[in-house]
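# Descriptive structure summary
Single-letter residue listing:
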There are 2 protein chains.
Amino acid sequence: MLRFFLLSFAIYKKKNYFCKIFVAGSLDSAISITNKSMNPNLQISQRGVEMPESPIRKLAPLAYDAEDNGVKIYRLNIGQPDLPTPKRALEVLKNVDRETLEYSPSQGYKSLRKALVNYYDRYQIKLTPEEIIITSGGSEAVLFAFLSCLNPGDEIIVPEPAYANYMAFAVSAGAVIRTVTTTIDEGFCLPKVEQFEELINERTKAILICNPNNPTGYLYTQKEMNQIRDLVKSHNLYLFSDEVYREFIYTGSPYISAMHLEGIEQNVVLIDSMSKRYSECGIRIGALITKNAEIRKTVMKFCQARLSPPLLGQIVAEASIEGTEAYSRKVYEQYVERRKCLIDGVNRINGCYTPLPMGAFYTVAKLPVDDAEKFCAWCLTYFRWKDSETPKTITFSGREIECTGETIMMAPAAGFYTTPGMGKDEVRLAYVLCTENIKRALFLLEKALKEYNSKA
Amino acid sequence: MLRFFLLSFAIYKKKNYFCKIFVAGSLDSAISITNKSMNPNLQISQRGVEMPESPIRKLAPLAYDAEDNGVKIYRLNIGQPDLPTPKRALEVLKNVDRETLEYSPSQGYKSLRKALVNYYDRYQIKLTPEEIIITSGGSEAVLFAFLSCLNPGDEIIVPEPAYANYMAFAVSAGAVIRTVTTTIDEGFCLPKVEQFEELINERTKAILICNPNNPTGYLYTQKEMNQIRDLVKSHNLYLFSDEVYREFIYTGSPYISAMHLEGIEQNVVLIDSMSKRYSECGIRIGALITKNAEIRKTVMKFCQARLSPPLLGQIVAEASIEGTEAYSRKVYEQYVERRKCLIDGVNRINGCYTPLPMGAFYTVAKLPVDDAEKFCAWCLTYFRWKDSETPKTITFSGREIECTGETIMMAPAAGFYTTPGMGKDEVRLAYVLCTENIKRALFLLEKALKEYNSKA
């Protein structure tokens with residue numbers, strides 16, 4: 001069992017720790033200080049041991065081997081859209097006429113931050129350029145928020161399933177993630193406030209939400225956001241809110257940003273990224289946004305240490321923000337179509353179920369298998385479909401090779417939970433492929449399930 | 001006194017800690033776990049408090065105000081070369097014909113890693129692409145090396161003065177930097193091995209060197225490198241070696257990489273960056289290189305969490321590595337000239353002294369002032385020179401404004417030491433400007449010193 005929380009679970013067992021806690025290095029680290037003389041040198045760090053492997057990327061070696069052998073893989077595992085980056089942004093990149101690609105300011109270019117002020121204004125989020133700090137992707141924003149706000153041992157409450165890398169950044173900062181479980185049967189809505197309050201103790205320092213949610217596609221309602229606001233207010237917690245998918249809301253329900261919540265303005269840290277909305281994941285441009293000047297001052301010290309965010313990425317990002325309304329509309333329409341195609345398709349397969357995601361471009365689906373990770377690995381290693389629609393060749397590592405069969409890649413969902421046993425028969429599916437490819441992937445999923453279950 | 005180690009010094013006093021230790025958060029963090037109930041929420045983290053401000057960037061607000069008022073500033077404070085990025089790399093950037101700027105592999109593109117294998121081969125460093133991990137600048141390589149190899153409370157021995165951001169990354173990882181002092185009077189050569197051994201205890205886990213050195217320009221001799229090798233070997237320590245300035249060695253002395261040292265192949269982690277040698281600091285491409293597979297496996301977990309290094313930067317970096325021999329020769333020649341111009345000039349000013357740096361493009365200079373930080377701040381705030389050579393206008397924030405005077409910006413050297421009192425009358429000077437501007441800066445330095453000291 002290679003599951004993401006394997007280590008934390010081992011620690012949980014070893015320490016007889018109470019249920020649903022994800023020990024992210026801090027306690028062991030603190031203990032290791034006192035035990036130092038027992039540790040021989042040249043060991044890697046405890047947090048290095050505890051760092052989870054990405055559930056999205058962990059099956060990558062199997063995929064690599066399959067492709068190397070001519071297998072065509074339909075990737076539903078990763079949020080890498082196949083859509084083009086805005087033409088406008090690519091044009092600006094071609095016309096960069098700098099002689100020297102120099103450092104940019106640690107906070108990011110002011111012109112980009114000004115463009116973002118206008119962008120957020122469309123969502124009724126009122127900001128000044130000073131309240132925005134440009135980061136190397138949303139990832140760095142999460143890491144710097146944790147490093148700046150949390151001490152080792154401090155606890156963050158996160159609804160699970162959750163974006164797996166939050167756990168990794170918590171380990172990096174020595175913080176501890178504790179989860180309230182949401183379930184597929186309840187459509188991943190937030191549990192009652194009591195379940196949050198059960199977890200709150202003197203170490204609780206923050207709540208972290210992702211809205212619209214990765215991996216579930218859930219969108220928090222006004223009522224749920226008010227519940228979070230009241231918890232944050234009454235316990236004086238930080239609220240880290242990852243809202244990188246705000247562009248993708250399909251239900252007509254209102255988007256409630258953490259920045260819209262009254263009375264907790266000093267508590268909120270907004271995490272954002274250009275990656276998904278402009279299909280430019282590679283430029284590594286995100287942002288950390290807060291009205292709290294002390295947090296900003298602290299985050300800026302981490303920003304200065306790493307000198308500056310990527311220069312070229314900032315140029316592309318700035319060009320992507322304005323004058324791309326038509327692009328965004330078109331992209332949105334494509335996701336509407338892809339979502340319908342994937343969700344309808346999954347629910348038509350015998351034994352499969354997924355709720356209708358309200359936002360983002362992911363869904364968590366239940367499959368008729370005992371262990372979704374085993375099934376995902378089996379698809380990459382053994383399942384090879386071939387019929388008249390199978391392409392003749394695939395391109396891999398720059399060479400064209402004969403196609404020996406088709407298969408699918410999915411992310412086992414257990415890696416998005418910290419509670420042992422949760423998500424064992426679930427996968428996360430991203431609908432970032434064109435509908436034609438999604439349809440083919442669904443066809444393959446049905447065939448794969450049939451073959452897998454007939455052998456079991 | 002705003003000095004960089006102010007906080008650590010306060011802690012040192014408070015704790016009655018022994019001399020020359022830089023407490024980087026771990027002890028306080030550990031203590032904060034036990035004292036948690038005393039801490040109200042919504043405080044920033046202890047490591048956030050302890051994070052040093054960059055001595056290179058801390059005077060930036062004064063510079064901003066001066067420029068806003070029309071002052072022309074000659075910047076000797078920062079290692080931002082004014083030289084152009086290789087034309088070949090800029091051409092490749094203009095010809096990027098991707099439709100989607102997608103994620104790159106977490107380890108970085110293999111083609112870039114292969115190009116680096118050839119590059120290191122020129123320096124008799126034999127590597128495979130698998131031994132190279134591409135990072136967001138050398139900064140991320142240092143951070144990931146610390147996070148992967150060091151537990152909170154682990155100690156790293158660093159010769160001081162040292163690149164200030166090492167301290168910041170140590171704070172991020174909860175590690176502790178302890179320094180052996182090198183002095184301007186001895187030309188910044190390494191102290192005797194006994195001074196290292198005095199610091200080694202059961203918490204010592206690593207030695208960190210920068211070679212050629214930032215800020216001193218010192219180049220370690222074969223004898224010194226052997227001394228370090230023996231220490232690393234006999235105490236089984238990690239050796240983190242930052243060699244981003246290998247291109248810039250002016251004395252004909254051999255460049256001894258940590259990778260050349262026999263018998264400690266598993267101990268060495270090489271830090272590298274494209275920023276300085278190709279004058280492309282903004283692309284944020286560096287590398288972490290090690291023969292130690294376990295370190296690589298751990299570092300890769302941190303790499304996967306942040307998804308990928310900058311895509312566009314990798315394209316530029318790859319195009320910079322090959323076919324740029326003529327460029328590198330020309331750049332080298334310019335630094336030879338600039339070095340001569342700066343060093344001769346500084347040593348001609350009454351009361352100033354700097355040793356001849358053997359490599360990199362920095363030097364540490366002693367000035368005839370009590371407090372170099374005060375003097376540097378005074379230059380930015382009060383010193384305004386005007387004569388017939390003063391330009392009529394400057395360009396600031398995109399607008400052309402009347403030039404009201406000239407001044408210089410330098411980095412106070414105290415921020416590069418952790419030992420209280422060290423470097424108080426020293427500054428770090430970067431010779432990254434053209435000789436004409438270096439000459440003008442030296443002229444201004446002489447005038448500024450005269451005016452400053454006549455007022456004292």
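Each remark here, short or long, concerns the structure printed above.
The numbers attached to residues start from 1 for each chain and follow its sequence in the written order. Written order determines the labels here, with chains lettered from A and ligands numbered from 1. The predicted nature of this model means local features are confined to residues of pLDDT at least 70 and side-chain atom pairs, given and counted, to a pLDDT of 80 or more, with totals for whole chains, interfaces and linings taken over all residues. Side-chain metrics in this entry use all non-hydrogen atoms of the structure; hydrogen atoms and water are not considered.

The next point concerns the overall build of chain A. A tally of helices and strands in chain A yields 15 helices and 15 strands. Counting only C-alpha atoms, chain A reaches 60 × 60 × 50 Å along its principal axes. Using a 1.4 Å probe on the protein chains alone, a residue whose accessible area is under 20% of its type maximum counts as buried, one over 50% counts as exposed, and one in between counts as partly exposed. Per-residue burial for chain A yields a buried fraction of 66% across its 456 residues. Surface accessibility follows the Shrake-Rupley procedure with a 1.4 Å probe radius. Residue values consider only the protein chains on display as shielding. Summing over all exposed atoms, chain A offers an accessible surface of approximately 16300 Å²; the carbon and sulfur share of this is 51%. Counting from the N terminus, the helices are DSSP H or I runs at least four residues long and the strands are E runs at least two residues long.

The next point concerns the environment of Pro84(B). On the secondary structure map, Pro84(B) appears in the loop between strand 2 (71–75) and helix 5 (87–94). Dropping the residues within four chain positions of it, Pro84(B) is found in contact with Glu99(A), Thr100(A), Tyr278(B), Ser279(B) and Tyr327(B). When checking whether two residues touch, look at their non-hydrogen atoms; a contact exists if any pair is within 4.5 Å.

The subject of this paragraph is the pattern of salt bridges. All names here are of chain A. A pairing counts as a salt bridge when a side-chain nitrogen of Lys or Arg comes within 4 Å of a carboxyl oxygen of Asp or Glu. Scanning all chains against the criterion turns up 38 salt bridges over all chains. Salt-bridge contacts for Asp-185 lead to Lys-366; the nearest nitrogen and oxygen are separated by 3.8 Å. Of the two residues, Asp-185 sits in the loop between strand 5 (176–181) and helix 9 (193–199) while Lys-366 sits in strand 10 (residues 362–366), which places them 181 residues apart along the sequence. A relative accessible area of 62% places Asp-185 in the exposed class. Among the residues examined, Lys-366 registers a relative accessible area of 24% and is labelled partly exposed.

We define a nonpolar core as any set of buried Ala, Val, Leu, Ile, Met, Phe, Trp, Tyr and Cys residues linked to one another through side-chain atoms lying within 4.5 Å. In terms of nonpolar packing, the biggest core is built from 321 residues, with Phe375(A), Phe375(B) and Met410(B) touching the most fellow members. Beyond its immediate chain neighbours, meaning those up to four positions away, Phe375(B) contacts Leu367(B), Val369(B), Met410(B), Leu445(B), Ala448(B), Leu449(B) and Tyr452(B).

What follows is about the packing of helix 5 (residues 87–94) of chain A against helix 12 (residues 311–321) of chain A. The relative placement of two packed helices comes down to the angle between their axes together with the axis-to-axis distance. Residues and elements named next belong to chain A. Two elements in contact, helix 5 and helix 12, have axes separated by 8 Å at closest approach and are oriented at 140°. In terms of orientation, helix 5 and helix 12 fall into the oblique class. Crossing geometry of helix 5 relative to helix 12 is assigned as right-handed. Facing helix 5, whose interface residues are Arg-88, Ala-89, Val-92 and Leu-93, helix 12 presents Ile-315, Val-316, Ala-319 and Ser-320. A fitted line through C-alpha atoms serves as each axis, taken over the contacting stretch for helices, and the angle formed by two N-to-C directions is quoted from 0 to 180°. Note on angle classes: values under 35 degrees are labelled roughly parallel, values over 145 roughly antiparallel, values of 65 to 115 roughly perpendicular, and the remainder oblique. Each crossing gets its hand from how the near helix is turned against the far one by less than a right angle, where anticlockwise is left-handed and clockwise is right-handed.

We now examine the interface of chain A and chain B. At the interface, 93 residues of chain A touch 93 residues of chain B. The largest contributions to the chain A side of the interface with chain B come from Leu42(A), Arg57(A) and Tyr103(A), which together make up 11% of the buried area. Inspection of the region where chain A meets chain B yields zero salt bridges. For this analysis, a polar contact is any N or O atom pair within 3.5 Å, provided that within protein one partner can donate a hydrogen and the other can accept it, and provided that sequence-adjacent residues contribute only side-chain to side-chain pairs. Inspection of the region where chain A meets chain B yields 46 residue pairs in polar contact (both at pLDDT 80 or more). For the side of chain A that touches chain B, the secondary-structure elements that each account for two or more residues are helix 2 (26–34), helix 3 (46–50), helix 5, helix 7 (137–149), helix 8 (165–173), strand 6 (204–210), helix 11 (293–305) and helix 12 of chain A. In terms of residue count, the dominant contributor to the side of chain A that touches chain B is helix 11 of chain A (seven residues). Here the side of chain A that touches chain B is composed, by residue class, of 39 nonpolar, 34 polar and 20 charged. Put simply, buried area is how much 1.4 Å-probe accessible surface two parts lose in total, over both of them, once they are put together. Charged means Asp, Glu, Lys or Arg here, nonpolar means Ala, Val, Leu, Ile, Met, Phe, Trp, Tyr, Cys or Pro, and polar covers whatever is left, Gly included.

Before going further, it helps to examine the relation of the copies chain A and chain B. Take chain A, turn it by 180°, move it 0.0 Å along the axis, and it overlays chain B with an RMSD of 0.0 Å. Expressed as an axis order, the relation between the two copies is that of a two-fold axis. Residue Lys94(A) of chain A places its C-alpha closer to the rotation axis than any other residue of that unit, at 2.1 Å. When the interface residues of chain A are mapped onto chain B, 100% of them are again interface residues, pointing to one common binding face. Overlaid copies result from least-squares superposition on C-alpha atoms, with residues included only where pLDDT is at least 70 in both.

Another point: the environment of Lys301(A). With respect to the element layout, Lys301(A) can be found in helix 11. When its relative accessible area of 14% is taken as the criterion, Lys301(A) is described as buried. In the structure, Lys301(A) is positioned 28 residues away from Arg329(A) in sequence and 38 Å away in space, judged by C-alpha atoms. Those residues in contact with Lys301(A) that sit more than four places away from it in its chain are Gly48(B), Val49(B), Met51(B), Pro52(B) and Glu53(B).

So, about the side chain of Glu406(A). For Glu406(A), the location among the structural elements is in strand 13 (residues 405–409). If near-sequence neighbours (up to four positions away) are discounted, Glu406(A) is found in contact with Val71(A), Lys72(A), Tyr74(A), Phe383(A), Arg384(A), Trp385(A), Asp387(A), Thr390(A), Pro391(A), Arg440(A) and Leu444(A).

Further remarks concern the pairing of strand 11 (residues 393–396) of chain A. All names here are of chain A. Every second residue of strand 11 is oriented toward a common face, the buried set being Ile-394 and Phe-396 and the non-buried set Thr-393 and Thr-395. DSSP calls a pair of strands paired once it identifies at least 2 bridges connecting them. When strand 11 meets strand 12 (residues 399–402), the two strands line up antiparallel, connected through four bridges. By the bridge assignment, Thr-393 is partnered in strand 12 with Glu-402. The antiparallel hairpin formed by strand 11 and strand 12 contains two residues in its connecting segment, where Ser-397 sits at a positive phi of about 55°.

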